[in-house]
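Coordinates in review
Read off the chains here:
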Amino acid sequence: MKITFDDFRQEYIDKIYEIEKDSIDVAWTKEQLIGLIGNPDVVARVGLLDGEVVCSYSFNIIIDEGDVNNLSVDKSWRGKGIGNLLIEDMILSAKSKNLQNITLEVNENNVVAINLYNKYGFKVEGKRPKFYHGKDAALVMWKRNCKI
């Protein structure tokens, strides 16, 4: 399986939005996703398999850190290693921007995602109670010294 990564483009937005609605508790609107295109303070990329969007991520660049907005994998492709490729591309993108650290929030009950992030050196450094729908806490995870 050969996944290639590309920056967000208008023609990817409908599929990114569809994947995010199925993956994320509160998906971004299409307008918000479009706003990421070409923004110099954002890295926004999609993973393509045979030209089809199967995953995406974006993060804001804040001085020397990446603050992840969203990561998502098409539900029909989950469990096939695409999440690993997505995280690896995200870390490489951060390194290419000379970012030192990456941070993200993840639902404390999302064990699959937490295990994936741990595999790539993300560590829990905080917790936001009732972050998701006033119920579930978010774990605040950091990857320091962006190395794979």
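First things first, this report covers the structure right here in the doc.

Reading the values: the criteria
Residues numbered from 1 in each chain as written. Predicted model: local features only at pLDDT ≥ 70, side-chain atom pairs only at ≥ 80, totals over all residues. Heavy atoms only, no water. Helix = DSSP H or I, 4+ residues; strand = E, 2+ residues; numbered from the N terminus. Buried < 20%, exposed > 50% of the residue type's maximum accessible area, 1.4 Å probe, protein only. Pairing = 2+ DSSP bridges.

This next bit is on unusual backbone geometry. One non-glycine residue, Asp50, lies in the positive phi region at around 55 degrees. Summarising the element assignment, Asp50 is placed in the loop between β2 (42-49) and β3 (52-62). With relative accessibility at 75%, the residue Asp50 sits in the exposed group. Its identity as a non-glycine residue notwithstanding, Lys130 has a phi of 50 degrees, on the positive side. With respect to the helices and strands, the residue Lys130 is situated in strand β6 (residues 123-132).

Now for the pairing of β3. Of all 11 residues that make up β3, eight are buried, and the element is covered over most of its length. In this sheet, β3 lies alongside β2 in antiparallel orientation, the contact comprising eight bridges. Bridging across to β3, Leu48 finds its partner in Val53. Counted along the chain from β2 to the antiparallel partner β3, the turn is two residues long, and its residue Asp50 has a positive phi close to 55 degrees. Bridging between β3 and strand β4 (residues 65-73) involves eight bridges; their strand directions are antiparallel. By the bridge assignment for β4, Ile62 is matched with Glu65.

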